[in-house]
Amino acid sequence: MRFSRLLVPTTKETPNDATLASHIFLIRGGFIQSVGGSGLYNFLPLGKKVLDRVRNVVKEELDNAGCQEVSLSFVTPASLWEESGRYEKYGKELLRFKDRKDNEFVLGPTHEEMMVNLVRQSVKSYKQLPLNLYQINLKFRDEIRPRFGLMRGREFLMKDGYSFHVDEADMKREFDLMEETYKKIFTRLGLEFRVVEADSGAIGGSGSKEFMVLADSGEDTIVVCDGCDYGANIEAAVRREKTCDAPAPQLGSEKVHTPDATTMEALSKFFNVDPFYLVKTVAMRAFYDEGKSQIVLFALRGSDELQEVKACNAVDANELVEVSEEELEEAGLIAGFMSPLNAPESVRVVIDNALKGATNMICGANEKAYHTTGNTIDGDFDYRDIVAVQEGDACAKCGGTLRYTKGIEAGHIFQLGTRYSEPLGCTFLDENGKAKPMVMGTYGIGVSRLLAAIIEQHHDEKGCIWTKESAPFDLYVMVSNIKDEAQLALGEKLYEALSAAGIDVLFDDRKDRFGAKMKDYELIGIPHAVIIGKKLFDGLVEFVTREGMVKEEVSAEEIVSFVQERLC
RNA sequence: CGGAGUGUAGCGCAGUCUGGUAGCGCACCUGGUUUGGGACCAGGGGGUCGAAGGUUCGAGUCCUUUCACUCCGACCA
């Protein structure tokens, strides 16, 4: 491709809404263009090329693993969503609309329903299973807050795969195969990543794993172990039970006047005890379908923090919202002095596993300005894991030290079970002629997000540094001064010879000066370049490696074979 | 939805307080010079100042309403 003919509107100036390197360089490098609506982007020729290359890597590996590509309608009938029960559960993220006949539709945010519908219509027998179908298509989620360019757009390209099995064991086999396949994909793309235990979220199902591309700019906090390979999203992370060296308060069962001790810190000072021996009670309003809600008290040790996703799952709610003091009072609760032990009937109580059987605990009295001491938590409560693992906690697996790191969720695989096949009636006949719901797995990769993830991991202050399998071109060839006939002639010759050798070359034949072209090269970030410049007088050209901007002088006569050797 | 802010040329911004010919940089077009680190000179095109209403002789500027977008929190590939 000749640069002079390529639409690559590079800019010197940074768009004012871009803060992330990937967002800045993808816009400045002319890969993508903001559409104006938030979270919507056009892919320009360079961006489209990268997207296609990434997509091909994904496709090749999946096809190798025996998956079959299909393409489902982007517009999906609302009735399917009602069948699965997600029409409401998915909430405002579903973009709903009606056609001229007043039929309701949804722009697909994920396609479990659609794929199940496809399969239930065409698969009837155990002989046709297992089956793994995928597509690489647009998705639309009306995100609450799109941001960071391609990282969190509303419209995005996703690979979504769905597998169908006769039983759980076969589904797990496929799940493991997909984990291996995903590892191959991310490795080929040159990404440093980690596979972690994850929460299943709105998709539903049991076991799930996320593929986290490690980057400080990642939106997810992941917990990793220094001692073993344990890794988990903070939303699903577990730890070894915590202990405390400080002595437990030796206080009998009493009610103590504690007027100003409304925080854990103040309470800890008041009694001069470690927060480990305090009961922290967090009130949240849990929302369910049809707008129903209930106040829930979550109790944990004063030294712990509530993990909201775990808490939300514990009460099976759609979402949790903080509660105002007025609402608390209406429910008969006093902020700062709440207790799970004698809570009003109307509120639900969930207690963290770590508190089960705890003794000598100091707790709110459910009475203004009073706490009670000497409590033992052994009642018939709903005990759950609702705690946020903290840095320094011990690994449940090996006892090593856990720490936080940041990641970009690039892939997520789920063991779905019959979450969708059952309500949608996706059944097959087994050897005995009995109808059974298919056991499913589902597997996603954020393909457009991968572009952002690659740049987050591979860039410098000057621009992008694409990895081998993601680069828009294999090689960039620059003629420094196109008025220099010898330079131009060599450029044309190289362009032709290298292209003929199967190398995808971006040939910079523009009239601009050396500096301008160099800046564009650095911004666009093609892995290697050949610069034809003044040293051609001495029969030399430069071979540049974008990573580190390493320059090597090579004889003009040998450059073709030199490049071929270096690029493969 | 809660909090904070911004809407003026394709992009980045000034002008708004104190009403009086709509500006600057980048980009773009024409001509010339220049060609190893985002060149220079000369000329040029491009705007219903987010929208609606109001005050006024006169509104980008003041008032009211509204919409959109951005940033900080809850959702997710």
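Thresholds, definitions, all that
- Residues numbered from 1 in each chain as written.
- Chains lettered and ligands numbered in written order.
- Predicted model: local features only at pLDDT ≥ 70, side-chain atom pairs only at ≥ 80, totals over all residues.
- Heavy atoms only, no water.
- Helix = DSSP H or I, 4+ residues; strand = E, 2+ residues; numbered from the N terminus.
- Buried < 20%, exposed > 50% of the residue type's maximum accessible area, 1.4 Å probe, protein only.
- Contact = heavy atoms within 4.5 Å.
- Lys, Arg positive; Asp, Glu negative; His and termini not counted.
- Charge placed at Lys NZ, Arg CZ, Asp CG, Glu CD.
- Domains from an automatic or database assignment.
- Buried area = accessible area lost by both parts, 1.4 Å probe.
- Salt bridge = Lys/Arg side-chain N within 4 Å of Asp/Glu carboxyl O.
- Polar contact = N/O pair within 3.5 Å; in protein donor to acceptor, adjacent residues only side chain to side chain.
- Nonpolar A, V, L, I, M, F, W, Y, C, P; charged D, E, K, R; others polar.
- Core = buried A, V, L, I, M, F, W, Y, C linked by side-chain atoms within 4.5 Å.
- Near = heavy atom within 4 Å.
- Pairing = 2+ DSSP bridges.
- Axes fitted to C-alpha atoms, helices over the stretch in contact; angles between N-to-C directions.
- Disulfide = S-S within 2.5 Å.
- Left-handed = near helix turned anticlockwise from the far one by under 90°.

## Some details on the overall build of chain A
Step number 1: Tallying secondary structure elements over chain A gives 13 helices and 33 strands in all.
Step number 2: Evaluated residue by residue, chain A yields a buried proportion of 52% over its 568 residues.
Step number 3: By sequence separation, contacts in chain A at least 24 residues apart represent 69% of the contacts at least 6 residues apart.
Step number 4: Mean positive and mean negative side-chain charge positions of chain A (68 and 92 charges, respectively) differ by 4 Å.

## Concerning the domain arrangement of chain A
Step number 1: Segmentation of chain A into domains returns domain 1 (3-237 + 404-456), domain 2 (255-388) and domain 3 (475-567).
Step number 2: In this structure, domain 1 and domain 2 have C-alpha centres spaced 37 Å apart.
Step number 3: The partner domain 2 presents nine residues to the seven residues of domain 1 that form the contact.
Step number 4: The junction of domain 1 with domain 2 conceals about 690 Å² of combined surface from both sides, 41% of it contributed by carbon and sulfur atoms.
Step number 5: The largest share of the area that domain 1 buries against domain 2 comes from E88, K89 and E235, three residues that together contribute 57% of it.
Step number 6: For the pair domain 1 and domain 2, the interface holds zero salt bridges.
Step number 7: Our count for the contact surface shared by domain 1 and domain 2 stands at two residue pairs in polar contact (both at pLDDT 80 or more).
Step number 8: In terms of residue class, the side of domain 1 that touches domain 2 is made up of three nonpolar, no polar and four charged.

## A short note on the nonpolar core
Step number 1: Counting residues in hydrophobic clusters, the biggest one holds 65 residues, and the most contacted among them are F31, Y182, W466 and Y476.
Step number 2: Residue contributions to this core reach at least three from each of two domains, namely domain 1 (3-237 + 404-456) and domain 3 (475-567).
Step number 3: Beyond its immediate sequence surroundings of up to four residues, Y476 is in contact with F3, L506, D508, K517, Y521, I526, H528, A529, V530 and I531.
Step number 4: Of all hydrophobic cores here, the second largest spans 25 residues; its members include Y90, L94, V106 and L133.

## Focus: the protein's contact with RNA strand B
Step number 1: Residues in contact with RNA strand B amount to 50 residues; listed here are only the nearest, R141, R145, R152, E522 and K534.
Step number 2: Taken together, the sugar and phosphate atoms account for 45% of what RNA strand B places within 4 Å of the protein.
Step number 3: Take N481: an N or O atom from its side chain is 2.8 Å from a sugar or linking oxygen of RNA strand B.
Step number 4: Secondary structure elements with two or more residues in the surface near RNA strand B: β8 (155-165), β23 (402-417), β26 (439-446) and α12 (514-524).
Step number 5: Looking at the surface near RNA strand B, the element that brings in the most residues is α12, giving seven residues.
Step number 6: Looking at the surface near RNA strand B residue by residue, the class counts come to 13 nonpolar, 14 polar and 23 charged.

## Re the sheet that holds strand β4 (residues 75-77)
Step number 1: Within the open sheet, the three strands sit side by side as β4-β6-β5. Their pairing is antiparallel. Strands at the two margins of the open sheet, each flanked by one partner only, are β4 and β5 (95-98). Taking the axes of each pair of neighbouring strands and ignoring which way they run, one obtains an average angle of 40° across the sheet.
Step number 2: Bridge count for β5 against strand β6 (residues 104-107) is four bridges, and the pairing is antiparallel. Across the sheet, L95 pairs through a bridge with L107, a residue of β6.

## Details of the state of the cysteines
Step number 1: Tallying each qualifying case throughout the model produces zero disulfides.
Step number 2: Considering cysteine sulfurs only, C225 is the nearest to C395, which forms no disulfide, with 3.7 Å between them.
Step number 3: Free cysteine: C426, not disulfide-bonded; nearest cysteine sulfur from C67 at 17 Å.
Step number 4: On the accessibility criterion, C426 (0% relative accessible area) is buried.

## Points about the pairing of strand β29 (residues 475-479)
Step number 1: Among the five residues in β29, five count as buried, and that is most of the element.
Step number 2: Residues of β29 alternate between two faces, with L475, V477 and V479 on one and Y476 and M478 on the opposite face, all of them buried.
Step number 3: Relative to strand β30 (residues 505-508), β29 is paired through four bridges, and the arrangement is parallel. Bridge assignment links M478 to a residue of β30, and that residue is D508.

## Topic: unusual backbone geometry
Step number 1: Cis peptide bonds are those with omega within 30 degrees of zero, and the linkage from L129 to P130 qualifies with 0°.
Step number 2: For P130, the location among the structural elements is in the loop between α5 (112-122) and β7 (131-140).
Step number 3: Although it is not a glycine, F148 adopts a positive phi angle of roughly 60°.
Step number 4: Structurally, F148 can be placed in the loop between β7 and β8.
Step number 5: For F148, a relative accessible area of 21% translates into the label partly exposed.
Step number 6: Residue N366 is not a glycine yet carries a positive backbone phi of 55°.
Step number 7: As for its position among the elements, N366 is in the loop between β19 (361-364) and β20 (370-375).

## Quick notes on the packing of helix α2 (residues 45-64) against helix α6 (residues 168-188)
Step number 1: Orientation of α2 relative to α6, taken along the N-to-C sense of each, is 150°, at an axis distance of 9 Å. For the crossing formed where α2 meets α6, the hand is right-handed. For the pair α2 and α6, the contacting residues are V57, V58, E60, E61 and L62 in the first and M178, T181, Y182, K184, I185 and R188 in the second.
Step number 2: A per-class count over the contact of α2 with α6 returns six nonpolar, one polar and four charged.

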